[in-house]
Every structure is written in structure tokens, then in C-alpha cells.
Amino acid sequence: MDIKFTDGGVTAPKGFTANGIHCGIRKSKDKKDLALIFCEKECDTAAVYTQNLVCGAPITVTKNNISDGKARAVVCNSGIANTCNADGIEKAEGMCEITANALGISKSDIIVASTGVIGQPLDLEPVKNGIGELVSGLNKNGSDSAANAIMTTDTVKKEFACEFTLGGKPCHIGAISKGSGMIHPNMATMLAFITTDANISSEMLKTSLLEVVADSFNMLSVDGDTSTNDTVAILASGLCENERITEKNDDYRTFTLALSSICEKLVKLMAKDGEGATKLVECVVTGASDVKTAKTCAKAVICSSLVKAAMFGSDANWGRILCALGYSGVDIDVHRVDVKFSSDGGEIEVCKDGSGIDFSEELAKKVLSCDEVYILVDLKSGASCATAYGCDLTYDYVKINGDYRT
């Protein structure tokens, strides 16, 4: 299968426009704070959400709105999370109504999302005042401004698109996301909005999304905190006119592979842009007895604060990796485990059969000093594998989160 990555983000697929503006939710006029994605027709839709019992009001409203598997627009503000507020549902529904009136569609056809500080009330006046500009500015080049409008502590925008073929028809998937901190498996403090012009039923869209999320977003951790507002939503316009996907056939598998490619790029960029991070860290576990074991081990390593701190210091302290594997809760033979570090700086083996071996500290430092580092763990107990994504833990993470609200 040939997947070609292209420009355009969420507006690359046919039928979609987008925009992002500063409406006044955030104090700084230099930061956009309101985003809109719109489709010219009704879309098949699916979404997955945070597993945190404390969840944002927009999630409750969105679940209700897309219970029929249909939507036409996504509206999202940054700066205020609209979580743990007595009037949260009212405000989330208000955002939908304001947006629906401006677009001339039903408010039940809108996915609503918010990101930012928890526990502070959301003022809808800026939304009311800015909605005209937001809607009138919708355009085919608007993905960039929408991607910027959903950012909080992110330092770079997350935006990708790809082109592939379904039944001889050129199809597209586009995506934007935000996420830098409060990110941990079982979704994260992240929002991801995905669009496609593939013709696929909402049921198959949900099945594909769940399959992809399990190996991408749910394998991502920045700091071990599972957020309250995370949502991954996908809208399919069907305008590429392929034969409708209603079952797990070859076209379904092609679509899912393309979706997986997009989500993997988003996840890696979010991990690399983790709050205060200086490097992307990937833990690749091979030789596991089953996929569950491989995933659990990979996550345990990537979530370890001690491992993350060692990566920041470019310290080949492989004992911390063995320690994380030991408390992961899965049954492995720790006396068979091999560990290597790899990057553009080279590759070095540091542990063999669960024990230390002689290695060059100078080479190890060189390998771990790169901005993308792989921790390679071989359990030598089977044929299953998994990859988890994270970053190093730095002084700046504490600085960013020490006064995030004030």
C-alpha cells in the first residue's frame, strides 16, 4: 500500500474547511483560542474519550450529540477546560448553539471540545463575539490556524495529512492535535480531530479508530497523568466516492493502515513536544509471549520517572529499565532480558540476560544525547512486540507546571 504524506491537515480531505482565531478567552492576543472545522455535508462520525472519571463537560455533550454516528462540525476553545464547573454542561451546549446558529446547522451535529485550566468558568461572550469572524473565515487553507488555536503549552503545532487509494479512488486523511503535558496511556490530555473523505460507515469508523488508538495514543505517556478532556474524533465525508466500507474487508484494512500512519505521526510529535522535553524516547519491546505483555512492559519503561530522568541526563542507567519491567505486573523471565540503546548516534548493548555487561560510557553518552532515542528491550520469550512513546523528564517540566494556573 502506498501512503503519501501531503500538506493541508484537516482540510486536505474533500468537503472540509477550517479556521482558528483569537476571540478573547485567553488574555494574550498573540494566541489563537477558538477553532472550527466544518464539512459541507453530514459526516459519519466516531470518537473515543478519556478514561478519567473526572471528565470535561464537552465530552458529555459530544457523546450525546454524536450518539447517532453523525456530525458536521468541530468547535474547540483553548485556555479554559470547562471541567469541574457547575454550569459546564450549559456552557458546552451553549458553544454548540452559538456555532450551529452561525453555520445554519443543528447543534446536535457539532462536536465540542475545550482544553486548558480545570475549574475555571468558561465565559461564552468571547465565543459569541468571535463566531462571525470564525465562520466567515472558514477556508481550505484553514487547518494551520485551527491547529494553532487548540494549542496550550504546546510549542509546535501538530498537523498531518496523507493520500492513499481505495478501490482506485484517491482518498485523504487529515488531522490536527494538541498535547504536551498531562499525557498518559488510556488517552491523554490531548485533543485530536481527524477528517477523511473516505466513504465508511460510522460503525466501521469506530472499529478502526479503536484499533488504531490502542497502538498509538494509548501507548503515549509524558508524565503519568491521565487528563480530563481528551478526545479523539474522526469525521468522514464520503466524498472520495469509494465503495462504502461496511465490513472488515481489504478497503477497511487499507483505511485503518492509513489512519494508523497519521496517528503514529501525531503521537511521536506530541511525545517529542512533551512539556519541558528535550528528546523523544521510544521503548520497543520484542520477544514477548503475547501483545499484552509487550505493551505493559513498554509502557512501564516509558512511564518510569527514573528512566525519563536518566534519558534527560543521557545516563545509560539500564538498571532503571529492569526495575520498571520488574514492577510492571506481568510474568517475565528477568534473567533472559537484553537491553540496548539506539539513536542516530549509534547503538549500544548495556544488558545481557538480565545482567550488566561492559560497555563504553562514552559511546552510550553519544547515543543518548540525540533528540530521538530508542530503548530496545528483548524479553526472548516469544514473538510479540509493542512500542510505547514518551520523552525525558526535565527541570522545565516542573517550572511549567509549578505555576501553570497562576
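Structure shown above.
Residues numbered from 1 in each chain as written. Predicted model: local features only at pLDDT ≥ 70, side-chain atom pairs only at ≥ 80, totals over all residues. Heavy atoms only, no water.

Of regular secondary structure, the chain possesses eleven helices and 15 strands. For 406 residues, the compact-globule formula gives about 22 Å, and the C-alpha radius of gyration of the chain, at 22 Å, lands near that figure. Overall, the C-alpha framework of the chain stretches about 70 × 55 × 35 Å when taken along its three principal axes. Out of the 406 residues belonging to the chain, those deemed buried represent 56%. Of the contacts formed within the chain by residues at least 6 apart in sequence, a portion of 79% connects residues at least 24 apart. With an accessible surface of roughly 16200 Å², the chain has 47% of that area assigned to carbon and sulfur atoms. If you average the places of the 40 positive and of the 54 negative side-chain charges in the chain, the two averages end up 2 Å apart. (Helix = DSSP H or I, 4+ residues; strand = E, 2+ residues; numbered from the N terminus. Rg over C-alpha atoms; globule rule 2.2 N^0.38 Å. Buried < 20%, exposed > 50% of the residue type's maximum accessible area, 1.4 Å probe, protein only. Contact = heavy atoms within 4.5 Å. Areas by Shrake-Rupley, 256 points an atom, 1.4 Å probe, with all protein chains shown as cover. Lys, Arg positive; Asp, Glu negative; His and termini not counted. Charge placed at Lys NZ, Arg CZ, Asp CG, Glu CD.)

The subject of this paragraph is unusual backbone geometry. Positioned with a positive phi, Ser314 is a non-glycine residue whose angle comes to about 50 degrees. What makes Ser314 buried here is its relative accessible area of 9%. Positive phi outside glycine occurs at Asp353, with the angle close to 50 degrees. With respect to the helices, strands and loops of the structure, Asp353 is situated in the loop between strand 12 (346–352) and strand 13 (355–356).

Topologically, Asn77 is positioned in strand 4 (residues 70–80). Accessibility expressed as a relative area gives 0% for Asn77, which makes it buried. Polar side-chain contacts of Asn77 include one of 2.5 Å to the side chain of Ser114. Beyond its immediate stretch of four places on either side in the chain, Asn77 contacts Ile25, Asp33, Leu34, Met95, Ala113, Ser114, Thr115 and Leu122. (Polar contact = N/O pair within 3.5 Å; in protein donor to acceptor, adjacent residues only side chain to side chain.)

Here we come to the packing of helix 1 (residues 57–65) against helix 2 (residues 88–103). Contact pair helix 1 / helix 2: the axes reach a minimum separation of 8 Å and the direction vectors enclose 55 degrees. Viewed along their axes, helix 1 and helix 2 adopt a mutual orientation that is oblique. The way helix 1 lies across helix 2 gives a crossing that is right-handed. Within the contact between the two elements, helix 1 uses Ala57, Pro58, Thr60, Val61 and Asn65 and helix 2 uses Gly88, Ile89, Ala92, Glu93 and Cys96. Tallied by class, residues from the contact of helix 1 with helix 2 come to six nonpolar, three polar and one charged. (Axes fitted to C-alpha atoms, helices over the stretch in contact; angles between N-to-C directions. Parallel < 35°, antiparallel > 145°, perpendicular 65-115°, else oblique. Left-handed = near helix turned anticlockwise from the far one by under 90°. Nonpolar A, V, L, I, M, F, W, Y, C, P; charged D, E, K, R; others polar.)

Right, let's talk about the nonpolar core for a bit. One finds Phe217, Phe255, Phe341, Ile375 and Val377 to be the most contacted residues of the largest nonpolar core, which totals 73 residues. It is helix 6 (residues 250–272) that provides the largest number of residues to this core, a total of ten residues. (Core = buried A, V, L, I, M, F, W, Y, C linked by side-chain atoms within 4.5 Å.)

Turning to the state of the cysteines, a few remarks are in order. All chains considered together, the criterion is met by one disulfide. Through a disulfide, Cys171 is tied to Cys240; the S-S separation comes to 2.3 Å. On the S-S bond that ties Cys171 to Cys240, the torsion sits near 45 degrees, and the link is right-handed. Of this pair, Cys171 sits in strand 7 (residues 169–178) while Cys240 sits in the loop between strand 9 (231–236) and helix 6, and the two are 69 residues apart along the sequence. Of the residues examined, Cys171 reaches a relative accessible area of 0% and is grouped as buried. Of all cysteine sulfurs, the one in Cys76 lies closest to Cys23, which takes part in no disulfide; the gap is 11 Å. The class for Cys23 is buried, based on a relative accessible area of 15%. Distance from the sulfur of Cys263, which forms no disulfide, to the nearest cysteine sulfur (Cys162) is 9.7 Å. The buried category is assigned to Cys263, whose relative accessible area is 0%. (Disulfide = S-S within 2.5 Å.)

We now examine the environment of Arg244. Relative to the elements of secondary structure, Arg244 occurs in the loop between strand 9 and helix 6. Arg244 sits in the partly exposed class, given a relative accessible area of 36%. A sequence separation of 228 residues divides Arg244 from Phe16, and the C-alpha atoms of the two residues are 19 Å apart. Not counting residues within four places of it along the chain, the set of residues in contact with Arg244 comprises Asp44, Lys70, Asn199, Ile200, Ser201 and Ser202.

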